[in-house]
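Report on the structure
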Amino acid sequence: LDACLQHARAHGADHFALLGDLVGYGADPAYVVQQAMDLVAAGYTVIGGNHDAFAVQPPAGTDKGAHSMAAQGALWTHEQLSPEQRSFLAHLPLTAQVGGVLLVHASAEAPENWRYVDNEIVAAECLEAATKHPGVKHVFCGHVHQQTLYYRGTGRDLMAFKPTPGVAIPLTRPRHWIATVGSVGQPRDGNARAMYAVFDAAQAKLAFFRVGYDHIAAAAAIRAAGQPEYFAQRLEDGR
(Lines give C-alpha, C1' and ligand atoms only; values in the text may rest on other atoms or scores of the structure.)
Protein backbone atom coordinates (compact mmCIF):
# COMPACT_ATOMS: atom_id res chain seq x y z
CA LEU A 1 0.00 0.00 0.00
CA ASP A 2 2.72 2.47 0.92
CA ALA A 3 4.69 1.72 -2.24
CA CYS A 4 1.64 2.20 -4.47
CA LEU A 5 0.57 5.42 -2.78
CA GLN A 6 4.09 6.81 -3.15
CA HIS A 7 4.19 5.74 -6.80
CA ALA A 8 0.78 7.29 -7.49
CA ARG A 9 1.76 10.60 -5.91
CA ALA A 10 4.92 10.65 -8.03
CA HIS A 11 2.71 10.23 -11.11
CA GLY A 12 0.53 13.20 -10.20
CA ALA A 13 -2.50 11.46 -8.71
CA ASP A 14 -4.75 13.95 -6.94
CA HIS A 15 -7.45 11.58 -5.70
CA PHE A 16 -7.01 8.16 -4.14
CA ALA A 17 -9.49 5.30 -3.99
CA LEU A 18 -9.13 1.95 -2.23
CA LEU A 19 -11.46 -0.68 -3.67
CA GLY A 20 -11.94 -2.94 -0.68
CA ASP A 21 -10.23 -5.93 0.96
CA LEU A 22 -8.07 -3.67 3.06
CA VAL A 23 -7.38 -6.65 5.32
CA GLY A 24 -7.44 -10.42 5.08
CA TYR A 25 -3.97 -11.93 4.68
CA GLY A 26 -1.37 -9.35 5.73
CA ALA A 27 0.64 -9.11 8.92
CA ASP A 28 -0.34 -5.58 9.96
CA PRO A 29 -4.05 -5.00 9.34
CA ALA A 30 -4.31 -2.27 11.96
CA TYR A 31 -1.72 -0.17 10.11
CA VAL A 32 -3.51 -0.60 6.78
CA VAL A 33 -6.91 0.27 8.23
CA GLN A 34 -5.44 3.35 9.89
CA GLN A 35 -3.99 4.41 6.52
CA ALA A 36 -7.44 4.01 4.99
CA MET A 37 -9.03 6.02 7.80
CA ASP A 38 -6.51 8.79 7.22
CA LEU A 39 -7.31 8.82 3.49
CA VAL A 40 -11.04 9.15 4.20
CA ALA A 41 -10.33 11.97 6.67
CA ALA A 42 -8.40 13.73 3.90
CA GLY A 43 -11.39 13.51 1.57
CA TYR A 44 -10.47 10.44 -0.45
CA THR A 45 -12.53 7.34 -1.20
CA VAL A 46 -12.53 3.90 0.44
CA ILE A 47 -15.10 1.16 -0.14
CA GLY A 48 -15.53 -2.23 1.51
CA GLY A 49 -14.76 -5.75 0.33
CA ASN A 50 -15.63 -9.26 1.43
CA HIS A 51 -12.53 -9.70 3.60
CA ASP A 52 -13.31 -6.47 5.40
CA ALA A 53 -16.76 -7.83 6.19
CA PHE A 54 -15.24 -11.13 7.37
CA ALA A 55 -12.85 -9.25 9.67
CA VAL A 56 -15.75 -7.41 11.27
CA GLN A 57 -17.78 -10.60 11.71
CA PRO A 58 -15.64 -13.75 11.29
CA PRO A 59 -17.53 -16.73 9.84
CA ALA A 60 -19.30 -18.92 12.40
CA GLY A 61 -17.24 -21.79 13.73
CA THR A 62 -13.89 -20.18 12.96
CA ASP A 63 -12.80 -20.49 16.57
CA LYS A 64 -13.77 -24.18 16.61
CA GLY A 65 -11.19 -25.46 14.16
CA ALA A 66 -12.64 -24.33 10.84
CA HIS A 67 -10.45 -25.52 8.01
CA SER A 68 -10.63 -22.41 5.86
CA MET A 69 -7.38 -20.48 6.15
CA ALA A 70 -9.21 -17.34 5.02
CA ALA A 71 -11.70 -17.80 7.87
CA GLN A 72 -8.90 -18.31 10.39
CA GLY A 73 -7.21 -15.21 9.01
CA ALA A 74 -10.43 -13.28 9.47
CA LEU A 75 -10.58 -14.20 13.16
CA TRP A 76 -6.90 -13.29 13.66
CA THR A 77 -7.45 -9.98 11.84
CA HIS A 78 -10.55 -9.21 13.90
CA GLU A 79 -8.47 -9.56 17.06
CA GLN A 80 -5.75 -7.21 15.77
CA LEU A 81 -8.13 -4.34 15.10
CA SER A 82 -9.38 -1.80 17.60
CA PRO A 83 -13.14 -1.32 18.08
CA GLU A 84 -12.85 1.97 16.18
CA GLN A 85 -11.14 0.26 13.26
CA ARG A 86 -13.70 -2.54 13.15
CA SER A 87 -16.46 0.08 13.17
CA PHE A 88 -14.76 1.86 10.26
CA LEU A 89 -14.74 -1.36 8.22
CA ALA A 90 -18.33 -2.15 9.18
CA HIS A 91 -19.57 1.18 7.84
CA LEU A 92 -17.68 1.24 4.55
CA PRO A 93 -19.99 1.63 1.54
CA LEU A 94 -20.00 -1.10 -1.12
CA THR A 95 -19.96 1.44 -3.95
CA ALA A 96 -18.93 5.06 -4.43
CA GLN A 97 -19.20 7.48 -7.32
CA VAL A 98 -16.42 9.90 -8.19
CA GLY A 99 -17.43 12.05 -11.14
CA GLY A 100 -18.46 9.72 -13.95
CA VAL A 101 -16.75 6.72 -12.38
CA LEU A 102 -18.40 4.09 -10.19
CA LEU A 103 -16.11 2.28 -7.76
CA VAL A 104 -17.06 -1.19 -6.51
CA HIS A 105 -15.16 -4.10 -5.00
CA ALA A 106 -16.95 -6.88 -6.88
CA SER A 107 -19.76 -6.41 -9.44
CA ALA A 108 -22.05 -3.39 -9.51
CA GLU A 109 -24.84 -5.78 -10.50
CA ALA A 110 -25.12 -6.98 -6.88
CA PRO A 111 -22.14 -5.73 -4.83
CA GLU A 112 -23.14 -7.65 -1.71
CA ASN A 113 -22.85 -10.99 -3.54
CA TRP A 114 -19.08 -10.55 -4.11
CA ARG A 115 -19.29 -11.76 -7.71
CA TYR A 116 -16.00 -11.86 -9.61
CA VAL A 117 -15.80 -9.66 -12.71
CA ASP A 118 -13.45 -12.00 -14.56
CA ASN A 119 -15.00 -12.40 -18.01
CA GLU A 120 -16.83 -10.39 -20.66
CA ILE A 121 -20.31 -11.62 -19.70
CA VAL A 122 -20.07 -10.66 -16.02
CA ALA A 123 -18.34 -7.39 -16.97
CA ALA A 124 -21.26 -6.50 -19.26
CA GLU A 125 -23.77 -7.16 -16.47
CA CYS A 126 -21.68 -5.07 -14.09
CA LEU A 127 -21.44 -2.21 -16.56
CA GLU A 128 -25.17 -2.31 -17.32
CA ALA A 129 -25.98 -2.03 -13.62
CA ALA A 130 -23.40 0.70 -13.05
CA THR A 131 -24.59 2.92 -15.89
CA LYS A 132 -28.04 3.07 -14.31
CA HIS A 133 -26.42 5.47 -11.82
CA PRO A 134 -26.83 9.01 -13.19
CA GLY A 135 -23.69 10.23 -14.94
CA VAL A 136 -21.72 6.98 -14.67
CA LYS A 137 -19.77 5.98 -17.79
CA HIS A 138 -16.89 3.99 -16.34
CA VAL A 139 -16.40 1.38 -13.60
CA PHE A 140 -13.40 0.35 -11.52
CA CYS A 141 -13.50 -3.02 -9.74
CA GLY A 142 -11.16 -4.91 -7.42
CA HIS A 143 -11.65 -8.46 -6.11
CA VAL A 144 -10.21 -10.50 -9.00
CA HIS A 145 -6.46 -9.77 -8.52
CA GLN A 146 -6.12 -9.20 -12.29
CA GLN A 147 -5.62 -6.14 -14.44
CA THR A 148 -8.05 -6.07 -17.37
CA LEU A 149 -9.89 -3.42 -19.36
CA TYR A 150 -13.28 -4.36 -20.80
CA TYR A 151 -14.53 -2.07 -23.55
CA ARG A 152 -17.05 -1.95 -26.36
CA GLY A 153 -15.48 -2.44 -29.77
CA THR A 154 -17.25 -1.97 -33.08
CA GLY A 155 -19.97 -4.40 -31.98
CA ARG A 156 -22.22 -4.34 -28.93
CA ASP A 157 -20.40 -6.92 -26.79
CA LEU A 158 -17.58 -6.09 -24.41
CA MET A 159 -14.05 -7.09 -25.31
CA ALA A 160 -11.26 -7.86 -22.83
CA PHE A 161 -7.90 -6.11 -23.19
CA LYS A 162 -4.82 -7.08 -21.18
CA PRO A 163 -2.78 -3.91 -20.57
CA THR A 164 0.97 -3.46 -20.63
CA PRO A 165 2.10 -2.07 -17.25
CA GLY A 166 3.11 1.57 -17.40
CA VAL A 167 1.73 2.17 -20.90
CA ALA A 168 -1.15 4.66 -20.91
CA ILE A 169 -4.25 3.57 -22.82
CA PRO A 170 -6.09 6.33 -24.72
CA LEU A 171 -9.84 6.03 -24.19
CA THR A 172 -12.56 7.40 -26.45
CA ARG A 173 -14.45 9.81 -24.24
CA PRO A 174 -18.06 8.75 -24.92
CA ARG A 175 -17.34 5.03 -24.72
CA HIS A 176 -18.33 3.05 -21.64
CA TRP A 177 -15.75 0.71 -20.13
CA ILE A 178 -14.91 -1.24 -16.98
CA ALA A 179 -11.48 -1.89 -15.48
CA THR A 180 -10.30 -4.36 -12.86
CA VAL A 181 -7.25 -2.75 -11.30
CA GLY A 182 -5.62 -5.77 -9.67
CA SER A 183 -4.39 -6.17 -6.12
CA VAL A 184 -2.00 -4.05 -4.10
CA GLY A 185 -1.52 -6.80 -1.55
CA GLN A 186 -1.66 -10.18 -3.23
CA PRO A 187 -1.07 -10.53 -6.98
CA ARG A 188 -1.74 -14.04 -8.29
CA ASP A 189 -0.11 -14.08 -11.71
CA GLY A 190 3.39 -15.16 -10.73
CA ASN A 191 4.62 -11.58 -10.48
CA ALA A 192 5.16 -10.40 -6.90
CA ARG A 193 4.91 -6.70 -7.71
CA ALA A 194 1.84 -4.82 -6.47
CA MET A 195 -0.89 -3.66 -8.88
CA TYR A 196 -2.84 -0.44 -9.16
CA ALA A 197 -4.01 2.00 -11.84
CA VAL A 198 -4.09 5.74 -12.54
CA PHE A 199 -6.97 7.30 -14.48
CA ASP A 200 -6.47 10.72 -16.04
CA ALA A 201 -10.03 11.87 -16.65
CA ALA A 202 -9.01 15.15 -18.27
CA GLN A 203 -6.80 13.41 -20.85
CA ALA A 204 -9.02 10.30 -21.09
CA LYS A 205 -6.09 7.98 -20.41
CA LEU A 206 -5.75 4.96 -18.13
CA ALA A 207 -2.45 3.44 -17.05
CA PHE A 208 -2.04 0.17 -15.13
CA PHE A 209 1.09 -0.17 -13.02
CA ARG A 210 3.16 -2.85 -11.30
CA VAL A 211 5.14 -1.58 -8.33
CA GLY A 212 7.99 -3.38 -6.65
CA TYR A 213 8.29 -3.44 -2.87
CA ASP A 214 10.04 -5.59 -0.27
CA HIS A 215 7.66 -8.53 -0.57
CA ILE A 216 10.21 -10.85 1.06
CA ALA A 217 10.08 -8.73 4.24
CA ALA A 218 6.27 -8.67 4.02
CA ALA A 219 6.24 -12.48 3.83
CA ALA A 220 8.62 -12.69 6.81
CA ALA A 221 6.28 -10.45 8.80
CA ILE A 222 3.39 -12.80 8.04
CA ARG A 223 5.39 -15.74 9.40
CA ALA A 224 6.45 -13.75 12.47
CA ALA A 225 2.78 -12.91 13.13
CA GLY A 226 1.93 -16.62 13.20
CA GLN A 227 -0.25 -16.51 10.10
CA PRO A 228 -0.46 -19.58 7.81
CA GLU A 229 2.68 -20.30 5.82
CA TYR A 230 0.61 -20.28 2.63
CA PHE A 231 -0.08 -16.56 3.04
CA ALA A 232 3.66 -15.85 3.15
CA GLN A 233 4.44 -18.10 0.19
CA ARG A 234 1.81 -16.36 -1.91
CA LEU A 235 3.56 -13.03 -1.47
CA GLU A 236 6.95 -14.52 -2.25
CA ASP A 237 5.72 -16.32 -5.38
CA GLY A 238 3.13 -13.79 -6.54
CA ARG A 239 0.52 -16.56 -6.53
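The following refers to the structure shown. (Residues numbered from 1 in each chain as written. Predicted model: local features only at pLDDT ≥ 70, side-chain atom pairs only at ≥ 80, totals over all residues. Heavy atoms only, no water.)

1. Some thoughts on the nonpolar core
Core analysis: the biggest nonpolar cluster contains 16 residues, and Ala108, Val117, Cys126, Val139, Cys141 and Ile178 have the highest contact counts within it. Residue contributions to this core peak at six residues, all from helix α6 (residues 120-130). Residues contacting Val139, with those up to four places away along its chain left out, are Leu102, Val104, Cys126, Leu127, Ala130, Trp177, Ile178 and Ala179. Core analysis: the second largest hydrophobic core is formed by 14 residues, Leu19, Leu103, Leu149 and Leu206 among them. (Core = buried A, V, L, I, M, F, W, Y, C linked by side-chain atoms within 4.5 Å. Buried < 20%, exposed > 50% of the residue type's maximum accessible area, 1.4 Å probe, protein only. Helix = DSSP H or I, 4+ residues; strand = E, 2+ residues; numbered from the N terminus. Contact = heavy atoms within 4.5 Å.)

2. Let's talk about the packing of helix α2 (residues 29-41) against helix α5 (residues 83-90)
Helix-helix packing: each pair is described by the crossing angle between the helix axes and the interaxial distance. Closest axis-to-axis distance for the α2/α5 pair is 10 Å, and the angle between their directions is 60°. Accordingly, the angle class assigned to the pair α2 and α5 is oblique. As α2 packs across α5, the resulting crossing turns out to be left-handed. Across the interface between the two elements, Ala30, Val33, Gln34, Ala36, Met37 and Val40 of α2 pack against Glu84, Gln85, Phe88 and Leu89 of α5. Residue classes in the contact of α2 with α5 are distributed as seven nonpolar, two polar and one charged. (Axes fitted to C-alpha atoms, helices over the stretch in contact; angles between N-to-C directions. Parallel < 35°, antiparallel > 145°, perpendicular 65-115°, else oblique. Left-handed = near helix turned anticlockwise from the far one by under 90°. Nonpolar A, V, L, I, M, F, W, Y, C, P; charged D, E, K, R; others polar.)

3. A closer look at the pattern of salt bridges
Throughout the structure, instances matching the rule amount to five salt bridges. With a closest N to O distance of 2.9 Å, Glu236 and Arg223 form a salt bridge. Separated by 13 residues along the polypeptide, Glu236 in helix α8 (residues 229-237) and Arg223 in helix α7 (residues 215-224) bring together distant segments of the chain. Given a relative accessible area of 34%, Arg223 falls into the partly exposed group. By sharing partners, the salt bridges in this structure join Glu109, Arg115 and Glu125 into a single network. (Salt bridge = Lys/Arg side-chain N within 4 Å of Asp/Glu carboxyl O.)

4. Considerations on the packing of α7 against α8
Running from N to C, α7 and α8 point in directions that differ by 180°, and their axes come no closer than 8 Å. When the axes of α7 and α8 are compared, the pair comes out roughly antiparallel. Side by side, α7 and α8 meet where His215, Ile216, Ala218, Ala219, Ile222 and Arg223 of the first sit next to Glu229, Phe231, Ala232, Gln233, Leu235 and Glu236 of the second. Of the residues contributing to the contact of α7 with α8, the split by class is seven nonpolar, two polar and three charged.

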